[in-house]
Amino acid sequence: MALLIIGLLLFLGMHSISIFALDFRNRQIEKNHLAWKAGYSIIALIGFFLIVQGYSQAKLAPTLLYVTPSWLGHVSALLMLPVFILFIAPYFPGKIRAMTKHPQLIAVKLWAVSHLLVNGMLADVVLFGAFLIWAVVDRISMKKRTSRQVHHLPRAMMNDVIIVVLGLGFYGVFAMYLHQRLIGIAPFVMN
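As the structure is a computational prediction, the values presented were derived from the model and not from experiment.

Caption draft 1: Structural view of the environment of Gly47. If you trace the backbone, Gly47 turns up in helix 4 (residues 33-60). For the pair Gly47 and Leu9, spaced 38 residues apart in the sequence, the C-alpha separation amounts to 7.3 Å.

What follows is the structure in structure tokens.
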């Protein structure tokens, strides 16, 4: 569990610098934008690696916190439908991005909640709960920060069609194939 927590601290910590130390972040970028990006990426990747390793280890000695009814698997799958769409929405600006304002944070919240609905082990609650709390705090803090430019395609109505098609395609591939290969769980197989 320690590796999971360290990984979360590194990964979410790097993603929280804009929340808690925006001036520090801005000074670092002014000094050397490339060095900031490199350091940020390296620490976030190390954190991600530790999350994967720590979560895998924690699952070997599971601590059950709660059990949910099996029908919540269907609710979880339904909540996951917009996740991939919203996650790529900032890069294809259109009405979806404009209406949601921060689509990736909504995607993270939906991903976390949908997984908390069907995973009641301690490692699950730590992992998905940490991401949910981070996304809520980040969204609140964004009300006080000025928006940064995200490199994306020009705004067009067709972008909404593109992200829905791509998002649903990614959802299908991930749910039917990659989730089993990468995570070890087939989401549509009921026990």
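Caption draft 2: Looking closely at unusual backbone geometry. At Lys101, a residue that is not glycine, the phi angle is positive and equals roughly 65 degrees. Mapping Lys101 onto the fold places it in the loop between helix 6 (95-100) and helix 7 (103-118). Here Lys101 falls in the exposed class, since its relative accessible area comes to 58%.

Caption draft 3: Region of the structure containing helix 1 (residues 2-15). Along its 14 residues, helix 1 runs 20 Å from first to last C-alpha, staying within 8% of the 20 Å computed at 1.5 Å per residue. Taken together, the buried positions of helix 1 are occupied by Leu4, Gly7, Leu8, Phe11, Leu12 and Met14. Down the axis of helix 1, the sector holding all buried residues measures 155 degrees, keeping them to one side. Opposite its buried face, helix 1 presents the exposed residues Ala2 and Leu9, each directed more than 90 degrees away. Buried positions along helix 1 lie against helix 2 (17-20), helix 4 and helix 8 (122-142).

Caption draft 4: Highlighting the packing of helix 5 (residues 72-88) against helix 9 (residues 158-183). With their axes 8 Å apart at the nearest point, helix 5 and helix 9 run at an angle of 130 degrees to one another. As judged from the angle between their axes, helix 5 and helix 9 are oblique. For the crossing formed where helix 5 meets helix 9, the hand is right-handed. Contacts from Ala77, Met80, Leu81, Phe84, Ile85 and Ile88 in helix 5 reach Ile163, Val164, Leu166, Gly167, Leu168, Phe170, Tyr171 and Phe174 in helix 9.

Caption draft 5: Region of the structure containing the nonpolar core. If you look at the biggest cluster of nonpolar residues, it comprises 19 residues, and the most contacted ones within it are Leu4, Leu8, Ile51, Leu127, Phe131 and Trp134. Only helix 1, helix 4, helix 7 and helix 8 provide two or more residues apiece to this core. Once you skip the residues sitting within four places of it in the chain, Phe131 turns out to touch Leu8, Phe11, Leu12, Ile51, Val108 and Trp111. Listed in part, the 13 residues of the second largest apolar core include Ala77, Met80, Val83 and Tyr171.

Thresholds, definitions, all that
- Residues numbered from 1 in each chain as written.
- Predicted model: local features only at pLDDT ≥ 70, side-chain atom pairs only at ≥ 80, totals over all residues.
- Heavy atoms only, no water.
- Helix = DSSP H or I, 4+ residues; strand = E, 2+ residues; numbered from the N terminus.
- Buried < 20%, exposed > 50% of the residue type's maximum accessible area, 1.4 Å probe, protein only.
- Expected span 1.5 Å × (residues − 1).
- Arc of directions from axis to C-beta.
- Contact = heavy atoms within 4.5 Å.
- Axes fitted to C-alpha atoms, helices over the stretch in contact; angles between N-to-C directions.
- Parallel < 35°, antiparallel > 145°, perpendicular 65-115°, else oblique.
- Left-handed = near helix turned anticlockwise from the far one by under 90°.
- Core = buried A, V, L, I, M, F, W, Y, C linked by side-chain atoms within 4.5 Å.

That is the geometry; function is a separate question.
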